[in-house]
Amino acid sequence: MLSRRLFGAGLAAAPLFSAMAQTGSPAAALQVAPGARRSADAATAMPPTGRKPWAAQVPQLRIGLLGGENEADRLGRFGAYQALLASTFDIPVRLFAASDYAGVLQAFSAGQIEIASMGPSVYAGTWIDTNGRVEPLLVPEERDGSISYIAVMVTRADSGITDLAGMRGKSLAWADANSTSGYLVPRFALRRQNIAVESGQYFSRTGFGGGHEQAVVAVLQRQYDASVTWASGQGDLEQGFSRGNLRAMVDKGMLNMRDLRIIWSSDPIINGPLTVRRELPQAFKDDITNFHLALPKTHPQIYEQIERGGGTGYRTVTHEQFQFLVDMRREEAAERRRRS
């Protein structure tokens, strides 16, 4: 059985950002930005229903959905959200479910979508790829008012592996090359702990699971000894926490947390932002921001569906809070060039 004591041991063993001064300030990223707004603010309200003047420039709303979950489940979770946006703003709303994280990055670069909720690493990669032509609007706020989540490394509970030392010579599945918790942050953190992350070095082999959900399934099916994924780190551990991939898998009946053991956890990572193309009208950005800030109060079930669990709602953010991840992605790219 996965216990809180085991989880605490994994967390204590993983000082993630202690050597990160040269790549930005992740701790500062989690602070409240000047002028930030929250769903919990008393004045938060849905935009008035009806077609807006900005619709002349944004005649349809195209929303990118990240990979990491099978397409049918993604489209099902976002169906009511799609309908609510369409009825609120009186424009067609289309969902684009990418096969992997790179698909959303590429769709933004090609101007094929207007908004997407994305992991912080995908945001940083998109910002680099578009030369700064995207901006973050808001991030989910957790139940304690924080705006962070954690990366976790999981093994089968019956594997006999209880910590990172036990992973020497074992196999590890990354979730996706553009995932923050499932690739970028764990690799960065492990390198800072003098653990070589390339296949055949510390680990017997590494590979990609095809997404967060698929990578955990690969561990359960003994295709890999461990994988990395994301969780809020809050709430009931035996339910997969309050939010995240583990919680989603528990809710769908795909996972019993007693079958897994968490052997490593990261320091807090800023939640991924709802991202928009920078050149779109400011009035559009304001309405989309207000819609999401009000969503948890006005339509809590839809909010919980799209967030795969719930917190207190959302908080507005700025690009500066993600700059350290831009720096981290550039470091990872430099490592790849060095290896090749």
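This report concerns the structure included in the present document. (Residues numbered from 1 in each chain as written. Predicted model: local features only at pLDDT ≥ 70, side-chain atom pairs only at ≥ 80, totals over all residues. Heavy atoms only, no water.)

**Structural notes on the overall build of the chain**
Part 1: Looking only at helices and strands, the chain features 11 helices and 12 strands.
Part 2: With the principal axes as the frame, the chain shows a C-alpha extent of 60 × 40 × 35 Å.
Part 3: A total of 340 residues make up the chain; the buried ones form 57% of that total.
Part 4: In the chain, 78% of the contacts between residues at least 6 apart in sequence involve partners at least 24 apart.
Part 5: For the chain, the accessible surface area stands at approximately 13,500 Å², while carbon and sulfur atoms represent 49% of it.
Part 6: Of note, the chain has its 37 positive side-chain charges centred 3 Å away from the centre of its 33 negative side-chain charges. (Helix = DSSP H or I, 4+ residues; strand = E, 2+ residues; numbered from the N terminus. Buried < 20%, exposed > 50% of the residue type's maximum accessible area, 1.4 Å probe, protein only. Contact = heavy atoms within 4.5 Å. Areas by Shrake-Rupley, 256 points an atom, 1.4 Å probe, with all protein chains shown as cover. Lys, Arg positive; Asp, Glu negative; His and termini not counted. Charge placed at Lys NZ, Arg CZ, Asp CG, Glu CD.)

**Side note on the sheet that holds strand S2 (residues 93–97)**
Part 1: Within the open sheet, the 6 strands sit side by side as S2-S1-S3-S11-S4-S12. Their pairing is mixed. The strands lining the two open edges of the sheet, one partner per strand, are S2 and strand S12 (313–316). Strand after strand, the sheet turns through a mean of 25° between neighbouring axes, direction not considered. (Pairing = 2+ DSSP bridges. Axes fitted to C-alpha atoms, helices over the stretch in contact; angles between N-to-C directions.)

**With respect to the packing of helix H4 (residues 101–109) against helix H5 (residues 120–129)**
Part 1: Contact pair H4 / H5: the axes reach a minimum separation of 9 Å and the direction vectors enclose 35°. In the packing of H4 onto H5, the handedness of the crossing is right-handed. Residues Tyr101, Leu105, Phe108 and Ser109 of H4 pack against Val122, Gly125, Thr126 and Asp129 of H5.
Part 2: Classifying every residue of the contact of H4 with H5 gives 4 nonpolar, 3 polar and 1 charged. (Left-handed = near helix turned anticlockwise from the far one by under 90°. Nonpolar A, V, L, I, M, F, W, Y, C, P; charged D, E, K, R; others polar.)

**A look at the nonpolar core**
Part 1: Counting 48 residues, the largest nonpolar core has Val104, Met153, Met167, Leu190, Trp264 and Leu325 as its most contacted members.
Part 2: For this core, the element with the most residues is helix H6 (residues 180–192), which contributes 6 residues.
Part 3: Sequence-distant contacts of Met153, that is, excluding residues within four places in its chain, are made with Leu164, Met167, Leu172, Leu190, Ala226, Ser227, Val228, Arg261, Ile262, Ile263 and Trp264.
Part 4: If you look at the next biggest cluster of nonpolar residues, it comprises 29 residues, including Trp54, Leu137, Leu280 and Tyr314. (Core = buried A, V, L, I, M, F, W, Y, C linked by side-chain atoms within 4.5 Å.)

**Side note on the pairing of strand S9 (residues 260–265)**
Part 1: Taking burial as the measure, the 6 residues of S9 include 6 buried ones, the bulk of the element.
Part 2: The sheet contact formed by strand S5 (residues 148–156) and S9 spans 5 bridges and is antiparallel. Bridging across to S9, Arg156 finds its partner in Leu260.

**Let's talk about the side chain of Ser148**
Part 1: By the element assignment, Ser148 lies in strand S5.
Part 2: Aside from chain neighbours lying at most four places away, what touches Ser148 is Leu30, Glu142, Ser232, Pro268, Ile269, Ile270 and Asn271.

**Examining helix H11 (residues 323–339)**
Part 1: The end-to-end C-alpha distance of H11, which contains 17 residues, comes to 25 Å, matching closely the 24 Å that a straight helix rising 1.5 Å per residue would cover.
Part 2: Every buried residue belonging to H11 is among Phe324, Leu325, Val326, Met328, Arg329, Glu331, Glu332 and Ala333, and all of these are buried.
Part 3: Looking at the buried residues of H11, the elements they touch are helix H2 (26–29), H5, H6 and strand S10 (269–270). (Expected span 1.5 Å × (residues − 1).)

**Observations concerning the pairing of strand S8 (residues 226–231)**
Part 1: Burial within S8 is extensive, with 6 of its 6 residues counted as buried.
Part 2: Burial along S8 is two-sided: Ala226, Val228 and Trp230 facing one way and Ser227, Thr229 and Ala231 facing the other are all buried.
Part 3: Here 6 bridges tie S5 to S8, and the two strands are oriented antiparallel to one another. When the sheet's bridge partners are listed, Ala151 is paired in S8 with Trp230.
Part 4: By the bridge criterion, 2 bridges tie strand S6 (residues 171–174) to S8 in an arrangement that is parallel. Of the residues in S8, the one forming a bridge with Ala173 is Ser227.

**A closer look at the packing of aromatic side chains**
Part 1: For the structure on display, the rule yields 11 aromatic pairs.
Part 2: Taking the centre distance of 5.6 Å and the plane angle of 85° together, the rings of Tyr149 and Trp230 count as edge-to-face. You can see Tyr149 sitting in strand S5 and its partner Trp230 sitting in strand S8, a full 81 residues away along the chain. Of the two residues, Tyr149 and Trp230, both sit in the buried class.
Part 3: Grouping aromatic residues by their ring pairs yields a cluster made of Trp54, Phe78, Tyr81, Phe89, Phe284 and Phe291.
Part 4: The lysine or arginine in question, Arg192, covers the ring of Phe188, its NZ or CZ lying 4.0 Å from the ring centre.
Part 5: The lysine or arginine in question, Arg205, covers the ring of Tyr224, its NZ or CZ lying 4.4 Å from the ring centre. (Phe/Tyr/Trp six-rings, centres within 6.5 Å; stacked < 30°, edge-to-face > 60°. Lys NZ or Arg CZ within 6 Å of the ring centre and 35° of its normal.)

**Concerning helix H7 (residues 212–220)**
Part 1: Burial runs high along H7: 7 of the 9 residues are buried.
Part 2: For H7, the set of buried residues is His212, Glu213, Ala215, Val216, Ala218, Val219 and Leu220.
Part 3: Of the residues flanking the end of H7, it is Arg222, one or two places downstream, whose phi is positive at about 65°.

**Description of unusual backbone geometry**
Part 1: The phi torsion at Asn131 lies on the positive side, around 55°, for a residue other than glycine.
Part 2: Using a relative accessible area of 69% as the deciding quantity, one classes Asn131 as exposed.
Part 3: Even without being glycine, Arg222 reaches a positive phi, approximately 65°.
Part 4: Within the secondary structure, Arg222 sits in the loop between H7 and S8.

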